[in-house]
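# Working through the structure, step by step
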Amino acid sequence: MWRRVASVSHLFSHSKSTKFNQQGASTFKIWETFTSESEIPTPSKGSLFVTFVLGGPGSGKGTQCAKIVEAFGFTHVSAGDLLRREIASGSAYGSVILSTIREGKIVPSQVTVELIQKEMESSDNYKFLIDGFPRSEENRKAFEKTIGAEPDVVLFFDCPEQEMVKRVLNRNQGRVDDNIDTIKKRLEIFDELNWPVINYYSQRGKLHKINAVGTVDEIFEKVRPIFAPLSK
Ligand SMILES: Nc1ncnc2c1ncn2[C@@H]1O[C@H](COP(=O)(O)OP(=O)(O)O)[C@@H](O)[C@H]1O
Ligand SMILES: Nc1ccn([C@@H]2O[C@H](COP(=O)(O)OP(=O)(O)O)[C@@H](O)[C@H]2O)c(=O)n1
Ligand SMILES: [Mg+2]
């Protein structure tokens, strides 16, 4: 059973990240050969399991996260939702976050990582889906530094731009960034800042690239085997 502790960094230092720090080379080797379901190591119950969920705007990250939560009992931590909640709460950072989101830019990592950290600390779960994060190398390094951990799995929902634009314009959630001007900017930022992160995890053998075109259920059937060892 996962124990709630005072700080996430403390929590990470007693979990899987310790394994990474002490046995980095051999642990990475496991993930480099991570090509089929049978080669996925079964995480021990109670040890922290972090999944980063990447993909452009409208690629279906949030939709697939809901399915993963239902099937595998993860806690869903959406960076965008946390930032929107911060705006709604009237926090001191609210107006800066709002203008950053409206411009399709990336909020400074310190703000986002702090919100993610608080969310993780307030959960008793040990399996986390961090959705829409890291969106830049700055995000990635800030998480590593503050939380002191690496993700166990990185999902990347690969979707053509035209399809992403269509989905975002039909999303209908009243978001300030779901308009054609902001989407264009978000796609530019995605190309510039997110690809280095995707390449980083690809080189480390952690990336699971999933073709995000198809029905929600078809896509989930490609996601399911990745987490199958967790349900054992
Ligand atoms: N496979 C799919 N096919 C068509 N529409 C989808 C699919 N997956 C999600 N959507 C819809 O596209 C929009 C964006 O999905 P969402 O999960 O919010 O993406 P993201 O979190 O990556 O921006 C939503 O309106 C959602 O209902
Ligand atoms: N790591 C993150 C995630 C989101 N954001 C901001 O929040 C916006 C919405 O993020 P989101 O993840 O909810 O967007 P979708 O990809 O789900 O459409 C982004 O365009 C950024 O402006 C950020 O600055 N840093
Ligand atoms: Mg989303």
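Residues numbered from 1 in each chain as written. Chains lettered and ligands numbered in written order. Predicted model: local features only at pLDDT ≥ 70, side-chain atom pairs only at ≥ 80, totals over all residues. Heavy atoms only, no water.

The name that an unreviewed UniProt entry assigns to the protein chain is UMP-CMP kinase, with the source organism given as Prunus mume. We quote the UniProt Sequence similarities (unreviewed entry) comment for the protein chain here in full: "Belongs to the adenylate kinase family. UMP-CMP kinase subfamily." As stated in UniProt under Function (unreviewed entry), the record for the protein chain gives "Catalyzes the phosphorylation of pyrimidine nucleoside monophosphates at the expense of ATP. Plays an important role in de novo pyrimidine nucleotide biosynthesis. Has preference for UMP and CMP as phosphate acceptors." (UniProt positions renumbered as here; feature names shortened; annotations may be inferred.)

Another point: the site of ligand 1. With respect to spatial proximity, 14 residues lie near ligand 1, and among them G58, K61, T63, R171 and G214 are the closest. Within the backbone of S59, one N or O atom sits 3.3 Å away from an oxygen atom of ligand 1. Here T63 contributes a side-chain N or O atom positioned 2.5 Å from an oxygen atom of ligand 1. Isolated, ligand 1 exposes 560 Å² of accessible area, and the fraction of that covered by the protein chains is 74%. The element contributing the most residues to the shell around ligand 1 is helix α3 (residues 61-72), with three residues. Here the shell around ligand 1 is composed, by residue class, of three nonpolar, eight polar and three charged. (Near = heavy atom within 4 Å. Polar contact = N/O pair within 3.5 Å; in protein donor to acceptor, adjacent residues only side chain to side chain. Areas by Shrake-Rupley, 256 points an atom, 1.4 Å probe, with all protein chains shown as cover. Helix = DSSP H or I, 4+ residues; strand = E, 2+ residues; numbered from the N terminus. Nonpolar A, V, L, I, M, F, W, Y, C, P; charged D, E, K, R; others polar.)

Turning our attention to the pairing of strand β1 (residues 49-55). Along β1, seven of the seven residues are buried, which leaves the element largely enclosed by surrounding structure. Every second residue of β1 is oriented toward a common face, with F49, T51, V53 and G55 on one face and V50, F52 and L54 on the other, all of them buried. One ladder, built from five bridges, connects β1 with strand β3 (residues 127-131); its direction is parallel. Residue pairing in the sheet places T51 in a bridge with L129 of β3. With five bridges joining them, β1 and strand β4 (residues 153-158) adopt parallel strand pairing. Each residue of the ladder has a partner; that of L54, found in β4, is F156. (Buried < 20%, exposed > 50% of the residue type's maximum accessible area, 1.4 Å probe, protein only. Pairing = 2+ DSSP bridges.)

Overall, parallel pairing links the five strands, which are arranged β2-β3-β1-β4-β5 in an open sheet. The open sheet terminates on both sides in strands that have one partner only, identified here as β2 (75-78) and β5 (207-211). Within this sheet the neighbouring strands show an average axis-to-axis angle of 20°, counted without direction. Along the sheet face, helix α4 (residues 79-88) touches β2 and β3 and points at about 65° away from the line of β2. On the sheet, helix α9 (residues 180-203) packs against β1, β4 and β5 and is oriented at approximately 140° with respect to β1. (Axes fitted to C-alpha atoms, helices over the stretch in contact; angles between N-to-C directions. Contact = heavy atoms within 4.5 Å.)

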